[in-house]
Amino acid sequence: MKKILITGGCGFIGSHTVRRFVKKYPEYQIVNLDKLTYAGNLENLQDVETEKNYTFEEGDIANLEQMTSLFKKYDFDSVIHLAAESHVDRSITDPLVFIRTNITGTATLLHVAKETWKNSKSNNLFYHISTDEVFGSLELKGDFFYENTPYDPKSPYSSSKASSDHLVRAWHHTYGIPVVISNCSNNYGPFQFPEKLIPLFINNILHNKSLPVYGKGINVRDWLYVEDHANAIDLIFHKGKNGETYNIGGHNEWSNIDLIKLLCKSMDQKLGREPGSSEKLITYVTDRAGHDLRYAIDASKIKNELGWNPSLQFEEGLNKTINWYLSNNKWVDNVTSGEYQKYYKKQYSI
Ligand code: NAD
Ligand code: DAU
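My aim in this report is to walk through the structure given alongside it, one point at a time.

What counts and what doesn't
Each chain carries its own residue numbering, running from 1 in the written order of its sequence. Written order decides the labels, with chains lettered from A and ligands numbered from 1. Since the coordinates come from a predicted model, pLDDT governs what is reported: local features require at least 70, and pairs of side-chain atoms require 80 or more to be given and counted, while whole-chain, interface and lining totals use all residues. Computation of side-chain values covers all heavy atoms of the structure but excludes hydrogens and water. Nearness here has a simple test: a residue counts as near a molecule or strand if at least one of its heavy atoms is within 4 Å of that partner. For the purposes of these results, a polar contact is taken to be a pair of N or O atoms within 3.5 Å, where, inside protein, one atom must be able to donate a hydrogen and its partner to accept one; residues adjacent in sequence count only when each atom of the pair is a side-chain atom. We get accessible surface area from the Shrake-Rupley algorithm with a probe of 1.4 Å; when it comes to residues, only the shown protein chains can shield them. Comment: elements are numbered from the N terminus, with helices defined as DSSP H or I runs of at least four residues and strands as E runs of at least two. Just so you know the grouping, Ala, Val, Leu, Ile, Met, Phe, Trp, Tyr, Cys and Pro go in nonpolar, Asp, Glu, Lys and Arg go in charged, and all remaining residues, Gly too, go in polar. By this definition, two strands are paired if DSSP reports at least two bridges between them. With axes taken as lines fitted to C-alpha atoms, and helix axes fitted only over the stretch in contact, angles between N-to-C directions fall between 0 and 180 degrees. Only heavy atoms matter for contacts: two residues are in contact if any of them lie within 4.5 Å across the pair. Multiplying 1.5 Å by the helix residue count minus one yields the expected span of that helix. Relative accessibility decides the category of a residue: with a 1.4 Å probe and only protein chains considered, values under 20% of the type maximum give buried, values over 50% give exposed, and everything between is partly exposed. The reported arc concerns the directions from the helix axis to the C-beta atoms and nothing else.

### A few points about the site of ligand 2
- For ligand 2, the set of nearby residues contains 24 residues, the closest of which are S86, D132, Y157, R288 and H291.
- At 2.6 Å from an oxygen atom of ligand 2 is found a side-chain nitrogen or oxygen belonging to Y157.
- Here an oxygen atom of ligand 2 and a side-chain polar atom of R221 are 2.8 Å apart.
- Protein contact buries 94% of the 690 Å² of open area that ligand 2 shows by itself.
- Elements that contribute at least two residues to the shell around ligand 2 include exactly helix 6 (197–206) and strand 8 (211–214).
- Residues that form the shell around ligand 2 fall into these classes: ten nonpolar, eight polar and six charged.

In structure tokens, the structure reads:
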């Protein structure tokens, strides 16, 4: 039986990854390790929490003692590492927690994995989930990010993720631990914390609150439905080559303002509002400091070598996402009120 540690499984992408692995691979034992920061929500995994092959452990990836005893307890053969501080705006106002979790936390996990696996004969893998932001920023009409694009991170968040990628490669090169890394573009879909653009704006439109567009709204992002990312993670985990990096993206570039207008139009239809009424909520605000202009991924390698393709067109994915948020109002209310943090206490009698 494979024993897999998934870190950050109570977050957005982590919860989709955990759900996929628990349901698809009953023969694997999945341990979800999460610190339950503001971004971690056990409600995201209610549907799998009683499955026999699933265990939740609360803990901090930057705590060496905790990680050492966790590896002793389960003797993991692989790690899928998603735990991170993930929001660029928070990294601008509070950078040090990003350094601790994303850099020290990743180094701590690598160290403990290396120590655990040094005499091991089984197939080990440390799979690190990273971001396209490590490559920096592209011109509006420029090229794409490739696997060999030089790193040029610009925000505290992206710099901390770039550092963690370098650490993973260093542990591979120096100690020979088997690794793969993937760098993905912007994800969207159910269970995303409503601080990120799409869920924040869906919620604001619903409650007739203003839509704060940074700068002129011309920045471009390449959007991918979260389950397509989880599918890519599954493929890379099973078929990725030791020491390799894979870019993941939707070839789906939208300027923020075009995306926001599409969202407004769709929400007007769904809420039965006068066409154009949600657009009136758009408010241009001071730009994000150091705002990266454009991200765009060339995903040829994962397509050609592993046969991955995104399954959903953007309009379809966005439609599913809006429907999910509209019919899971309670989830959003719990998250915005802080109620979700009580779920853990109730569930685990603390
Ligand atoms: P998220 O913020 O929704 O979730 C992060 C999870 O990590 C939370 O459950 C949180 O409690 C946990 N966590 C934070 N600090 C921890 C610590 N010290 N110890 C243990 N757990 C801790 O993040 P997300 O958007 O799901 O991103 C997951 C990963 O994917 C991150 O590594 C991120 O850099 C990467 N990524 C995200 C995107 C995106 O668009 N969201 C795109 C590409 C890559
Ligand atoms: O590219 C991958 C990255 O995508 C991930 O590594 C990050 O974890 C993830 O948060 C995301 O980063 P972004 O900064 O691109 O995502 P965010 O949703 O915060 O912002 C998307 C764009 O929308 C960005 O250009 C900033 C803009 N924006 C965002 C917010 C929250 C606004 O104009 N107004 C807002 O209120």
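### So, the sheet that holds strand 5 (residues 125–131)
- Here seven strands make up an open sheet; going across it, the order is 3-2-1-4-5-6-10 and the pairing parallel. Strands with a single pairing partner mark the edges of an open sheet, and in this sheet they are strand 3 (54–58) and strand 10 (245–248). Neighbouring strand axes in the sheet, compared pairwise and without regard to direction, differ in orientation by 20° on average.
- In the sheet, strand 5 pairs with strand 6 (residues 179–184) via six bridges, with the strands oriented parallel. Residue pairing across strands places Y127 opposite V180, the latter belonging to strand 6.
- The strands touched by helix 1 (residues 12–24) within the sheet are strand 1 (3–7), strand 2 (29–34), strand 3 and strand 4 (78–81), with strand 1 carrying the most contacts at an inclination of about 165°.

### Here we look at the sheet that holds strand 11 (residues 253–255)
- If you trace the three strands from one edge of the open sheet to the other, you get 7-9-11, paired in mixed fashion. Two strands in the sheet have a free side with no partner beyond their single neighbour: strand 7 (186–188) and strand 11. Strand-to-strand, the axes of this sheet are offset by a mean angle of 50°, without reference to chain direction.
- The pairing of strand 7 with strand 9 (residues 220–225) spans three bridges and is classified as parallel. Paired with Y188 across the bridge in strand 9 is Y225.
- Sheet strands in contact with helix 7 (residues 226–239) are strand 7 and strand 9, and its direction is about 70° off that of strand 9.
- On the sheet, helix 8 (residues 256–271) packs against strand 9 and strand 11 and is oriented at approximately 90° with respect to strand 11.

### Comments concerning helix 10 (residues 314–327)
- End to end, helix 10 covers 20 Å across 14 residues, agreeing with the expected 20 Å (1.5 Å per residue, within 8%).
- What helix 10 keeps buried is the set F314, G317, L318, T321, I322, W324 and Y325. Angularly, the buried residues of helix 10 cover 160° about the axis, an arc narrow enough to put them on a single face.
- Against the buried residues of helix 10 lie strand 7, helix 6, strand 9, strand 11, helix 8 and helix 11 (329–337).

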